[in-house]
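Commentary on secondary and tertiary structure
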Amino acid sequence: MPRRTPEEAEQTRLNLLNTALRMYAQQGLHQVSLKQIAAQAGVTHGAVYWHFRNRDHLLESLYFHHEMPFEQQFVEQQQAIRQDPVQALADYLRGVLRAVLSRPALRLTYRLFWLQPDQAELAGVYARLQADQALCLSHLLAFLKQARKKKLLKKKFSTQPFAESLAAVLHALLREAVQPALFSPNAEPSPLQEITAEEHSSDVLDYELPEAIEHLIQALIRGLAAG
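About the thresholds
Residues numbered from 1 in each chain as written. Predicted model: local features only at pLDDT ≥ 70, side-chain atom pairs only at ≥ 80, totals over all residues. Heavy atoms only, no water. Helix = DSSP H or I, 4+ residues; strand = E, 2+ residues; numbered from the N terminus. Buried < 20%, exposed > 50% of the residue type's maximum accessible area, 1.4 Å probe, protein only. Contact = heavy atoms within 4.5 Å. Areas by Shrake-Rupley, 256 points an atom, 1.4 Å probe, with all protein chains shown as cover. Polar contact = N/O pair within 3.5 Å; in protein donor to acceptor, adjacent residues only side chain to side chain. Core = buried A, V, L, I, M, F, W, Y, C linked by side-chain atoms within 4.5 Å. Salt bridge = Lys/Arg side-chain N within 4 Å of Asp/Glu carboxyl O. 1 Å grid on protein atoms, 1.4 Å probe; cavity = no way out; pocket = protein on both sides within 12 Å on 5 of 7 lines; lining within 4 Å. Points joined across faces, edges and corners; volume = space filled by probe spheres on them. Nonpolar A, V, L, I, M, F, W, Y, C, P; charged D, E, K, R; others polar.

Turning our attention to the overall build of the protein. Each helix and strand counted, the protein has twelve helices and zero strands in total. Along the chain direction, N to C, the helices and strands of the protein fall in the order α-α-α-α-α-α-α-α-α-α-α-α. Here the protein, with 227 residues, has 44% of them falling under the buried criterion. Counted over contacts in the protein with a minimum sequence separation of 6, partners at least 24 positions apart contribute 74%. Carbon together with sulfur atoms contributes 52% to the accessible area of the protein, which is approximately 12,400 Å² in total.

Given below as structure tokens:
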């Protein structure tokens, strides 16, 4: 049997990651074994252990393979935050929501890791989950502090509690949106749908947020802006 090339080995690894993500997110961590993942991916059980030491290593690799878009969206608003931090905040919220909701892989990743982050099975990534939650909160605080510096917020406005409330609203919207029953028929990937390794930014830009979410963002922004 010919030796597999590095490119073929990497393709097998990506196939295992994508298969594991689908199966774990749709069936639950307790319902899926590594042997089942291998069978669904069309590889041997040994191939799983060639790429991943155990299930904990596979879960850690999954989390880091599809990173949440908090930092990327914050970087994209760096110029805008200096000019109009309130508008930049609204666009940050839209950007995070669009990025997750428009990409099957990120929807499934959020569902798997963020809906019940305190599961014992996720102990290996729990510290990173907490760090990403803190990162998102720090972004929201940065927008609000810059807005206060520019005197764009209401008087006696407290940035820390509002940032925490915004973070709670953002994650509540994401939690609701990634629930299987709430997907439109064309939005939920089927068990056999391929999650592409490359997802283009144009998919995010073309994605329109549901009207109710857009109205909520606008209401939040109106609630903090100085009149």
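Structure's up, so let's keep going.
Okay, helix α4 (residues 55–65) next. Along α4, the residues that are buried comprise H57, L58, L59, S61, L62 and Y63. Check the buried side of α4 and you find it contacts α1 (6–27), α2 (34–41), α3 (45–51), α8 (104–114) and α9 (123–149). Taking the backbone nitrogen of D56 as reference, a side-chain oxygen 3.2 Å away marks N54 as the first, capping residue of α4.

Here the focus is unusual backbone geometry. Not every positive phi belongs to a glycine, and K151 is a case in point at roughly 60°. The phi dihedral of K156 falls on the positive side, at around 60°, and the residue is not glycine. Within the secondary structure, K156 sits in the loop between α9 and α10 (159–177).

Looking now at the nonpolar core. Counting residues in hydrophobic clusters, the biggest one holds 67 residues, and the most contacted among them are Y24 and F113. Among the elements that take part in this core, helix α7 (residues 85–101) stands out by supplying ten residues, more than any other. Ignoring sequence-local partners within four residues, the contact set of F113 consists of L59, L62, Y63, L122, V125 and L129.

Another point: the pattern of salt bridges. Under the defined criterion, the tally for this structure stands at five salt bridges. A salt bridge links R94 to D91; the nearest nitrogen and oxygen atoms lie 2.9 Å apart. One end of the pair, R94, and the other, D91, are both in helix α7, three residues apart, so they sit about a helical turn from each other. Among the residues examined, D91 registers a relative accessible area of 27% and is labelled partly exposed. The closest approach of N and O atoms between R94 and E214, which form a salt bridge, is 2.7 Å. Taken together, the residues span a long stretch of sequence, with R94 in helix α7 and E214 in helix α12 (residues 211–224) at a distance of 120 residues. Neither R94 nor E214 differs from the other in exposure class; each is buried. Sharing partners across several salt bridges, the network here consists of E67, R128 and D132.

Across the eleven residues of α8, eleven count as buried, placing the element largely inside the fold. Of the residues making up α8, those classed as buried are P104, A105, L106, R107, L108, T109, Y110, R111, L112, F113 and W114.

Let us look at empty space enclosed by the protein. Counted according to the given criterion, the structure contains one cavity of 30 Å³ or more. Looking at the largest cavity, its volume works out to about 50 Å³. Together, L93, L97, L166, V169, L170, L173, I217 and L220 line the largest cavity. Mapped onto the lining of the largest cavity, the elements with two or more residues apiece are α7, α10 and α12. It is α10 that contributes the most residues to the lining of the largest cavity, four residues altogether. Here the lining of the largest cavity is composed, by residue class, of eight nonpolar, no polar and no charged.

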